[in-house]
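Results of the structural survey
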Amino acid sequence: MNQPDTQGNAPLTDNSGSGGLVLPPIAQVPAGWTFAALAIGLGGGLALAFVAPGAMPGVLAVAGPAGELWLRALQATIVPLVFTGVFQTVRTASAGPMARRSLGWFVAVLAFAAIVALTVPTLILTVLPVPASAAAALRGSLGGSVPASLPGIADYLRSIVPSNVIDAAANDHMLPLILFMSIFALAVTRLVPAQRDLIALFFASIAGAMLVVIGWVLALAPLGVLALSLTVAAKSGVAAVGALAHYIVVVTTSGAVVWLAAYPFAALVARQPLGRFARNLLPVQVFALSTQSSLASLPTMLGACERLGLRSSTAEFVLPLAVALFRATSPAMNLAVVVYVAHWYGVPLTAGTMASGFVMAILISLSSVSLPGTISFIASVGPIALAMGVPVAPLALLVAVVPDLMRTLGNVTFDVAVTAAVDRFARNA
């Protein structure tokens, strides 16, 4: 039988299996294949436009519908995934004082990351905007509609609480849907264990099944991306290549700001000497960049915590929790993608729109599970885009250029920094 640790924290593992999200085998395609399909599609589309324009109608008659079908299959999986992990996060909050303290720091850092996404990309795009001709050409190639009118602040506040949660799910109203599910999860924790575990198991089963479906859809990613990129390049020319490079710079910069913020956080909050922290994190970062996995980097992070003088009881509790729930760069980079697409499509970023993105980016980051980059990209960015009224069509093309290296680098660095902060405050307590 599981017993609380010395800090009074209940174990986070559920040996009974009730309500835990056990991931089934998920089909995965190497990211290199998808990126190669993107390069071939862009090259083929440019060649088609400049060398054999007469063949363009026939090729696009096949490639266009094929890419659109794959895009629609991808969009169909977004709504069910908002349920993933909500119960796990709520249960963690009741696991003991160290768990609550860890979650508090997680939320604080994620909020900072979301603010970075709402400011840094906009500043970059003000100085280096997407060329108007490129934006117009890409909008015409990818499609996606922009709302004809934006709700006022009163309408926005009324929309947060859905009158019909089924209708909210059917119409992709992400923010009211996920807020309702969060409140529902809190209510479920008040049920007797048998009822609570039954509901948690039900939603875990739905999440697992949807992840399998996403795996099947993304197994066709090289073909879908090839068709989409060929169509885009043929219609928009070299503008497509320039816009994708511009996108990578903007999103990677947002993640880099969060990664660099981990160092002053460790020095000021965790009271770790900056030089010692940086030296001990270097082996972790090298390993993380080689594996592109926070989970695989867990042993090296535990070693760094030992060298930093952190208590093993803290590190062995907080780091697995951080790997499961805490992805420091996710709000910054996921929300930055949506902000970029909003500028791309001319969607105004009103106070209500940004508030929706801010809340959704944090909730989605906490309630998602650790998955390969392409799967987590759609599961995390799609709901934010829907909540902000931003077209999701470009995500099918952008999934081929997910900057995972910066994500992993920032995540492992902040995992250790937050663990050090929790350890410091636990000692004081």
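Now for a look at the structure at hand. As the structure is a prediction and not an experimental result, all values here were calculated from the model.

For the protein, the helix and strand inventory stands at 19 helices and zero strands. By residue count, 51% of the 429 residues in the protein fall in the buried class. Of the contacts formed within the protein by residues at least 6 apart in sequence, a portion of 86% connects residues at least 24 apart. When the accessible surface of the protein is totalled, it reaches about 17900 Å², and 69% of it is carbon and sulfur.

Counting residues in hydrophobic clusters, the biggest one holds 96 residues, and the most contacted among them are F326, L335 and F414. Sorting elements by how many residues they give to this core places helix 4 (residues 97–127) first, with 15 residues. Apart from residues lying up to four places away in sequence, F326 is in contact with F106, V109, L110, L321, F414, D415 and V418.

The residue T419 is located in helix 19 (residues 404–428) in this model. One polar contact links the side chain of T419 to the main-chain carbonyl oxygen of D415, over a distance of 2.7 Å.

A word on the side chain of N280. Among the structural elements, N280 can be located in helix 12 (residues 274–291). The contact partners of N280, leaving out residues within four places of it in the chain, are A304, R307 and L308.

Turning our eyes to something else, we now look at the packing of aromatic side chains. Under the counting rule described, the total for this entry stands at ten aromatic pairs. With centroids separated by 5.8 Å and ring planes inclined at 85 degrees, the aromatic side chains of Y263 and F277 adopt a geometry described as edge-to-face. Placement of the pair is Y263 in helix 11 (residues 239–268) and F277 in helix 12, with a sequence separation of 14 residues. Judged by its relative accessible area of 14%, Y263 is buried. Ring geometry for F326 and F414: centres 6.5 Å apart, planes at 80 degrees, overall edge-to-face. With F326 in the loop between helix 14 (312–325) and helix 15 (330–345) and F414 in helix 19, the pair connects residues that are 88 residues apart, well separated along the chain.

Turning our attention to the packing of helix 13 (residues 298–307) against helix 14. In the contact formed by helix 13 and helix 14, the axes pass within 10 Å of each other and the chain directions differ by 140 degrees. Taken as axis vectors, helix 13 and helix 14 run oblique relative to one another. Every pair of crossing elements has a handedness; the one defined by helix 13 and helix 14 is right-handed. On helix 14, the residues touching L298, M301, L302 and C305 of helix 13 are A315, E316, L319, P320 and V323. Taken together, the residues of the contact of helix 13 with helix 14 sort by class into eight nonpolar, no polar and one charged.

Before going further, it helps to examine the pattern of salt bridges. Counting across every chain of the model gives one salt bridge. Across the salt bridge formed by R311 and D423, the nearest N and O atoms sit 3.0 Å from each other. Here R311, found in the loop between helix 13 and helix 14, pairs with D423, found in helix 19; they are 112 residues apart in sequence, far enough to count as distant. Residue classification places R311 among the partly exposed positions, given a relative accessible area of 24%. Given a relative accessible area of 2%, D423 falls into the buried group.

Procedures and definitions
Residues numbered from 1 in each chain as written. Predicted model: local features only at pLDDT ≥ 70, side-chain atom pairs only at ≥ 80, totals over all residues. Heavy atoms only, no water. Helix = DSSP H or I, 4+ residues; strand = E, 2+ residues; numbered from the N terminus. Buried < 20%, exposed > 50% of the residue type's maximum accessible area, 1.4 Å probe, protein only. Contact = heavy atoms within 4.5 Å. Areas by Shrake-Rupley, 256 points an atom, 1.4 Å probe, with all protein chains shown as cover. Core = buried A, V, L, I, M, F, W, Y, C linked by side-chain atoms within 4.5 Å. Polar contact = N/O pair within 3.5 Å; in protein donor to acceptor, adjacent residues only side chain to side chain. Phe/Tyr/Trp six-rings, centres within 6.5 Å; stacked < 30°, edge-to-face > 60°. Axes fitted to C-alpha atoms, helices over the stretch in contact; angles between N-to-C directions. Parallel < 35°, antiparallel > 145°, perpendicular 65-115°, else oblique. Left-handed = near helix turned anticlockwise from the far one by under 90°. Nonpolar A, V, L, I, M, F, W, Y, C, P; charged D, E, K, R; others polar. Salt bridge = Lys/Arg side-chain N within 4 Å of Asp/Glu carboxyl O.

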